[in-house]
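# Breakdown of the fold
For reference, the chains in residue letters:
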Amino acid sequence: QVQLVESGGGLVQAGGSLRLSCAGSTDAFRNYDMAWYRQAPGKEREFIAFVSTAGHDTEYADSAKGRFTISRDNDKNTLYLQISSLKPEDTGVYSCHAQGTSIFYRGVIWGQGTQVTVSS
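Scope of this entry: the structure provided in the associated data block. All residue numbers here refer to positions counted from 1 along the written sequence of the relevant chain. Where local features are concerned, this predicted model is filtered to residues with pLDDT of at least 70; where side-chain atom pairs are given and counted, the filter is 80 or more; whole-chain, interface and lining totals use all residues. Working from all heavy atoms in the structure, the side-chain values ignore hydrogens and water.

### Observations concerning the overall build of the protein
Along the protein, the regular secondary structure elements total zero helices and eleven strands. Computed over the C-alpha atoms, the radius of gyration of the protein is 14 Å, within 12% of the 14 Å expected from 2.2 N^0.38 for a compact globule of 120 residues. Taking the principal axes of the C-alpha coordinates as reference, the protein spans close to 45 × 25 × 25 Å. Counting across all 120 residues of the protein, residues that qualify as buried make up 43%. For the protein, the share of sequence-separated contacts (at least 6 apart) that also reach a separation of at least 24 residues comes to 55%. All accessible areas in this document rest on Shrake-Rupley with a 1.4 Å probe, and a residue is counted as covered only by the protein chains that are shown. In the structure as shown, the protein presents an accessible area of about 6300 Å², 45% of it carried by carbon and sulfur atoms. In this tally, Asp and Glu contribute negative charge and Lys and Arg positive charge; neither His nor the terminal groups of the chain are included. Note on charges: their place is set at NZ of Lys, CZ of Arg, CG of Asp or CD of Glu. Of the charged side chains in the protein, 11 are positive and 12 negative; the average position of the first set lies 2 Å away from that of the second. Secondary structure elements are taken from DSSP: a helix is a run of H or I of four residues or more, a strand is a run of E of two residues or more, and numbering for both begins at the N terminus. Computation of the radius of gyration draws on C-alpha atoms alone. For the globule rule, the value is 2.2 Å times the number of residues to the power 0.38. Each residue is placed in one exposure class: buried if its accessible area under a 1.4 Å probe, protein chains only, is under 20% of its type's maximum, exposed if it is over 50%, and partly exposed if it falls in between. Any two residues whose heavy atoms approach within 4.5 Å at even a single point are treated as in contact.

Set out below in structure tokens:
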């Protein structure tokens, strides 16, 4: 129903900021709960943040609270993750995740991920 493409990753110095985007391919985007996950080198993929279909509800992993802000613009079919005060521990592949919310939009969809590297 929708394909996801992340962008905005790159190499940034510690203390800097980064804004990641996840672009949905169709207007079906608005029917999916969205989330960001991160997989650091040598570690399991971990949940970072969640936002509901209309953007009214958000949840954050403890590791993401404070410096991470998840948001979405359904008119643009785009999910965002704003990261501030970046730390080397934030390094990893950030992937967006879509969870269908109805019989017409069901299942899970993953993007390919975007690499974030924070230098110390």
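### Some points on the packing of aromatic side chains
Between rings of Phe, Tyr and Trp, where Trp is taken as its six-membered ring, a pair exists when centres lie within 6.5 Å; planes separated by under 30 degrees are stacked, by over 60 edge-to-face, and by other angles tilted. Overall, the coordinates contain three aromatic pairs when judged by the stated rule. Ring geometry for Tyr32 versus Tyr105: centroids 6.1 Å apart, planes at 65°, classification edge-to-face. With Tyr32 in strand β4 (residues 32-39) and Tyr105 in the loop between β9 (92-100) and β10 (108-110), this pair connects stretches of sequence that are 73 residues apart. Judged by centre distance (5.7 Å) and plane angle (75°), the rings of Tyr37 and Phe47 are edge-to-face. With a gap of ten residues between them, Tyr37 in strand β4 and Phe47 in strand β5 (residues 46-51) connect regions that are remote in the sequence. Over a ring means this: the NZ of a Lys or the CZ of an Arg is within 6 Å of the ring centre and within 35 degrees of the ring normal. Looking at Arg45, its charged tip hangs above the ring of Tyr37, at a distance of 5.8 Å from the centre. Here Arg45 stacks its cationic end above the ring of Trp110, 3.8 Å away from the centre of that ring.

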